Amino acid sequence: MQRCRMKRAPGQIIHPLWLRITHWINAVAMILMILSGWRIYNASPLFPFSFPNGYTLGGWLGGALQWHFAAMWLFAGNGVLYLTLNLLSGRFHQRFLPLSMAQLGKDGLSALKGHLSHHDLRQYNMVQKFAYMLVVADGMLLAISGLVLWKSVQFAFLRELLGGYDAARYLHFFAMSFLCAFVVIHLIMVALVPKTLLLMTRGR
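So, how was this worked out
- Residues numbered from 1 in each chain as written.
- Predicted model: local features only at pLDDT ≥ 70, side-chain atom pairs only at ≥ 80, totals over all residues.
- Heavy atoms only, no water.
- Helix = DSSP H or I, 4+ residues; strand = E, 2+ residues; numbered from the N terminus.
- Buried < 20%, exposed > 50% of the residue type's maximum accessible area, 1.4 Å probe, protein only.
- Core = buried A, V, L, I, M, F, W, Y, C linked by side-chain atoms within 4.5 Å.
- Domains from an automatic or database assignment.
- Contact = heavy atoms within 4.5 Å.
- 1 Å grid on protein atoms, 1.4 Å probe; cavity = no way out; pocket = protein on both sides within 12 Å on 5 of 7 lines; lining within 4 Å.
- Points joined across faces, edges and corners; volume = space filled by probe spheres on them.
- Nonpolar A, V, L, I, M, F, W, Y, C, P; charged D, E, K, R; others polar.
- Phe/Tyr/Trp six-rings, centres within 6.5 Å; stacked < 30°, edge-to-face > 60°.
- Lys NZ or Arg CZ within 6 Å of the ring centre and 35° of its normal.
- Buried area = accessible area lost by both parts, 1.4 Å probe.
- Axes fitted to C-alpha atoms, helices over the stretch in contact; angles between N-to-C directions.
- Parallel < 35°, antiparallel > 145°, perpendicular 65-115°, else oblique.
- Left-handed = near helix turned anticlockwise from the far one by under 90°.
- Salt bridge = Lys/Arg side-chain N within 4 Å of Asp/Glu carboxyl O.

### Description of the overall build of the chain
On a plain count of helices and strands, the chain comes out with 8 helices and 0 strands. Written out in order from the N terminus, the α and β elements of the chain read α-α-α-α-α-α-α-α. Projected onto the principal axes, the alpha-carbon positions of the chain cover approximately 55 × 35 × 35 Å. Expressed as a percentage of its 204 residues, the buried residues of the chain come to 34%.

### Description of the nonpolar core
Membership of the largest hydrophobic core comes to 22 residues, with the highest contact counts inside it found for W38, F51, F173, M176 and L179. Both domains that furnish three or more residues to this core are identified here as domain 1 (15–44 + 54–97) and domain 2 (102–115 + 122–203). When neighbours within four sequence positions are excluded, F173 is seen to be in contact with Y41, L46, F47, F49 and F51.

### Thoughts on the layout of surface pockets
When its volume is computed, the second largest pocket comes out at roughly 740 Å³. In terms of lining, the second largest pocket is formed by 28 residues, of which the most central are I40, H68, G146, L149 and H172. At the level of secondary structure, the elements contributing two or more residues to the lining of the second largest pocket comprise helix 1 (17–43), helix 2 (61–89), helix 5 (126–150) and helix 7 (165–192). When grouped by side-chain class, the residues that make up the lining of the second largest pocket number 22 nonpolar, 5 polar and 1 charged. Two domains each donate at least three residues to the lining of the second largest pocket, and these are domain 1 (15–44 + 54–97) and domain 2 (102–115 + 122–203).

### Quick word on the packing of aromatic side chains
Counted by the stated rule, this structure contains 18 aromatic pairs. Both rings, one in Y124 and one in Y132, keep their centres 5.3 Å apart while their planes meet at 55°; by these two values the pair is tilted. The pair formed by Y124 and Y132 is uniform in burial state, with each residue classed as buried. Every member of this aromatic cluster is reached through a ring pair, and the members are W38, Y41, F47, F49, F51, Y170, F173 and F174. Above the face of the Y124 ring, R95 is positioned so that its terminal group lies 5.2 Å from the ring centre.

### Comments concerning the domain arrangement of the chain
When the parts come together, some accessible area is lost, and that loss is often what is quoted as the size of the interface. We note that the domain assignment places domain 1 (15–44 + 54–97) and domain 2 (102–115 + 122–203) within the chain. Summarising the inter-unit geometry, the C-alpha centres of domain 1 and domain 2 are found 12 Å apart. Contacts between domain 1 and domain 2 engage 20 residues on the former and 23 residues on the latter. For the pair domain 1 and domain 2, the summed buried surface comes to about 2000 Å²; carbon and sulfur atoms form 71% of the total.

### Quick word on the packing of helix 1 against helix 2
The packing of two helices is summarised by the inter-axis angle and the distance between the axes. Two numbers describe how helix 1 lies on helix 2: the axes approach to 8 Å, and their chain directions differ by 150°. Between helix 1 and helix 2, the angle falls in the class roughly antiparallel. The chirality of how helix 1 crosses helix 2 is left-handed. When its residues are assigned to classes, the contact of helix 1 with helix 2 shows 20 nonpolar, 8 polar and 1 charged.

### Structural notes on the pattern of salt bridges
Counted by the stated rule, this structure contains 1 salt bridge. Residue E160 is joined to R159 by a salt bridge in which the shortest nitrogen-to-oxygen separation is 3.1 Å. Given the relative accessible area of 52%, E160 is considered exposed.

Rendered as structure tokens:
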């Protein structure tokens, strides 16, 4: 089992207020976008299945589009604010760098064995670092492909960059699927390490 290198002082703020606010705004935006996106998908499915209407948002295609576009601005604006504050505060460099494929393999194996330590919540293990970096990249892909689906003519360069309108639809769907998988795993990890939920609400 990995040993903790540092012990945090009692009452020390680990997650600043701006991080907690942007985290919960992002959570709300993602839920709204996923549920409304499922209703939009049902109107023109890519695959031979649809999502149960009881788990979608909007009631009909027009309503789902209104919810989706409203949540889109919340998601995009909050995401830009989150990334900007991470970079300006130095938190991005402190928490996510450096990255190591070798350490990722070691931490991943420890996680599968249930031996990955979570004693020092100020430090992200390599699995967390890569997971958070991937979900940020996934969010960018969702935004770019979403712009193509929304305004295909106006964003012709992005459309061609993604391989065309139909390709953008598939990319948007698979990016959404990755986000859903991340959320499920994230919630499982919170259930296994409940003190992380307190950390994201109280900051310490």
